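Remarks on the overall topology
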Amino acid sequence: MTMTRLTTETDLLTSHSAFRTPNSIRPRRLRLNPAMRAMVRETQLAPDDFIYPLFVVHGSHVQNEIGSMPGVYQWSIDNLAREAESIAKLNIPAVILFGIPAEKDPVGLENFASDGIVQQAVRAIKNAVPEMVVVTDVCLCEYTDHGHCGVLNTGNGSRPHPHLPEGYVLNDQTLDVLAEVAVSHAEAGADIVAPSGMIDGMVAAIRAGLDANRFEHIPILSYAIKYASGFYGPFREAAQGAPKFGDRKTHQMDPANAREALREAALDVNEGADLLMVKPALPYLDIIRQTRDQFPQLPLAAYNVSGEYAMVKAAARNGWIDEERVVLELLTGIKRAGADLIITYHAKDAAQWIK
Ligand code: PBG
């Protein structure tokens, strides 16, 4: 084989490369045009992959944009019917609800009140769009005055648990409240309950509570693998659920751990979870993939959380990235990693772009 010395551009364009591969494997053949690329595309996004989060507040005529989450609002109940209709029109089948109560207290009483904010929201949405799948987040943090996801070990001199520190999120006392909340959501008409507190035994407790109240048909979407993440920052502004002191590291997972994630998922599967979730999504695509492979029988959701959304919106607003392209790329990545369902604040935009 002789090698031609290229001296001009014409030489380059007319020469046959000396490096032609003998068996001529050329992946580029299948990338020649849009039709060919569409034929061999392995992952397809569709609006029915999405669950759209909604924040609901007391009052009327409220549509408050969240500062750190452009395009995401806190809604009052009277605005929900219209919003639910616009979501349904985009063929998005499901929403997940987060409520901001009128008042907060140590246990979070409004969380399981029949006229609580989420209970009202469920009824309003089911009334306006009966076929909409309404998922409710089951946790204490938005409802408690201390902002923690459970009942606290606190009391002057007489803490409920003598051997655990002051302010510790008590496990088993919290389970009773979670079961109560899940039942009240089901009574209001919720289609799926989604416990998000990473309290040990939460799925079993909620299953037992639902079954004892004739809600044996209501599925549990467990936030089985939820990391103690900095990416929840904007959500805590939207849902007003930031802890008043300390953090969530005694119950949410250490971002460094992957094997432990499979242990968490296995426990929830045993307790009867119907769907599993990994949260956040983008820094944990490996966890999504491993969970998909280890638990192929269960549908898997991933939560593309508030901080992930905020970063994309901020960069797009600065003109630093092409928002549509980046959003569709990252949602495709989450699905390719193994998620069947994606909870995402981009859902409405993405559904429009896919069309
Ligand atoms: C807890 C809950 C949180 C999120 C969903 N459910 C906050 C937390 O664990 O601190 C975060 C979602 C997001 O950041 O988009 N109720």
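It should be emphasised that the depicted structure is a prediction, and the values quoted were computed from it without experimental measurement. (Residues numbered from 1 in each chain as written. Predicted model: local features only at pLDDT ≥ 70, side-chain atom pairs only at ≥ 80, totals over all residues. Heavy atoms only, no water.)

1. Topic: the site of the ligand
The ligand sits among 19 residues. The nearest are Lys226, Arg236, Lys279, Ser306 and Tyr345. Within the contact set of the ligand, an oxygen atom lies 3.0 Å away from a side-chain nitrogen or oxygen of Arg248. A distance of 3.3 Å is found between a nitrogen atom of the ligand and a side-chain nitrogen or oxygen belonging to Lys279. Protein contacts shield 100% of the accessible area of the ligand, which totals 410 Å² for the unbound molecule. Those elements that place two or more of their residues in the shell around the ligand are strand 7 (221-226) and helix 7 (233-238). Here the residues of the shell around the ligand sort into 10 nonpolar, three polar and six charged. (Near = heavy atom within 4 Å. Polar contact = N/O pair within 3.5 Å; in protein donor to acceptor, adjacent residues only side chain to side chain. Areas by Shrake-Rupley, 256 points an atom, 1.4 Å probe, with all protein chains shown as cover. Helix = DSSP H or I, 4+ residues; strand = E, 2+ residues; numbered from the N terminus. Nonpolar A, V, L, I, M, F, W, Y, C, P; charged D, E, K, R; others polar.)

2. Quick notes on the environment of Ala204
When you line up the elements, Ala204 lands in helix 6 (residues 202-212). Accessibility expressed as a relative area gives 34% for Ala204, which makes it partly exposed. In this structure the C-alpha to C-alpha distance between Ala204 and Asn111, which are 93 residues apart in sequence, comes to 19 Å. (Buried < 20%, exposed > 50% of the residue type's maximum accessible area, 1.4 Å probe, protein only.)

3. Considering a positive patch on the surface
On the surface, Arg26, Arg28, Arg29 and Arg31 cluster together into a positively charged patch. Of note, Arg29 is situated in the loop between helix 1 (9-14) and helix 2 (34-39). (Patch = residues over 30% accessible without salt bridge, like charges linked within 9 Å, V, L, I, M, F, W, Y side chains within 5 Å. Salt bridge = Lys/Arg side-chain N within 4 Å of Asp/Glu carboxyl O. Lys, Arg positive; Asp, Glu negative; His and termini not counted. Charge placed at Lys NZ, Arg CZ, Asp CG, Glu CD.)

4. What about the packing of helix 5 (residues 171-188) against helix 6?
Look at helix 5 against helix 6: their axes get within 8 Å of each other, and the N-to-C directions meet at 45°. Regarding the angle of helix 5 to helix 6, the classification is oblique. The two elements helix 5 and helix 6 meet at a crossing, and its hand is right-handed. Within the contact between the two elements, helix 5 uses Leu175, Leu178, Ala179, Ala182, Val183 and Ala186 and helix 6 uses Met202, Ala205, Ile206, Gly209 and Leu210. (Axes fitted to C-alpha atoms, helices over the stretch in contact; angles between N-to-C directions. Parallel < 35°, antiparallel > 145°, perpendicular 65-115°, else oblique. Left-handed = near helix turned anticlockwise from the far one by under 90°. Contact = heavy atoms within 4.5 Å.)

5. Description of the packing of aromatic side chains
The geometry of an aromatic ring pair is captured by two quantities: the separation of the ring centres and the angle between the planes. Under the definition given, this model contains nine aromatic pairs. With centroids separated by 4.9 Å and ring planes inclined at 80°, the aromatic side chains of Phe98 and Phe235 adopt a geometry described as edge-to-face. Note that Phe98 is positioned in strand 4 (residues 94-100) and Phe235 in helix 7, a separation of 137 residues in sequence. When sorted by exposure, Phe98 lands in the same class as Phe235, which is buried. Here the aromatic rings of Tyr223 and Tyr303 are separated by 6.2 Å at their centres, their planes lie at 40°, and the arrangement is tilted. Within this pair, whereas Tyr223 is found in strand 7, its partner Tyr303 is found in strand 9 (residues 300-304), the two being separated by 80 residues in sequence. When sorted by exposure, Tyr223 lands in the same class as Tyr303, which is buried. Through pairs of rings, three or more aromatic residues link up here, namely Phe55, Phe98, Tyr223, Phe235, Tyr303, Tyr309 and Tyr345. (Phe/Tyr/Trp six-rings, centres within 6.5 Å; stacked < 30°, edge-to-face > 60°.)

6. Remarks on a negative patch on the surface
Together, Asp172, Asp176, Glu180, Glu187 and Asp200 line one region of the surface with negative charge. In this structure, Asp200 sits in the loop between strand 6 (192-195) and helix 6.

7. A word on helix 8 (residues 259-271)
Along an α-helix, a turn takes 3.6 residues, which lines up residues three or four apart on a common side. When the terminal C-alpha atoms of helix 8 are compared, their 19 Å separation across 13 residues agrees well with the 18 Å that a helix rising 1.5 Å per residue should span. Along helix 8, the residues classified as buried are Ala261, Leu262, Glu264, Ala265, Asp268 and Glu271. On its buried face, helix 8 sits against helix 6, strand 7, strand 8 (275-279) and helix 9 (285-294). Trailing helix 8 by a residue or two, Gly272 shows a phi angle of about 105°, which is positive. (Expected span 1.5 Å × (residues − 1).)

8. Focus on the side chain of His346
If you trace the backbone, His346 turns up in the loop between strand 10 (341-344) and helix 12 (347-354). Among all residues touching His346, those that are not within four sequence positions of it are Asn304, Tyr309, Val312, Val327 and Leu331.

9. A word on the pairing of strand 7
Here strand 7 lies mainly inside the structure; six of its six residues are buried. As defined by bridge partners, strand 7 adjoins strand 8 across four bridges and the pair is classed as parallel. Across the sheet, residue Leu221 finds its bridge partner in strand 8, namely Leu275. (Pairing = 2+ DSSP bridges.)

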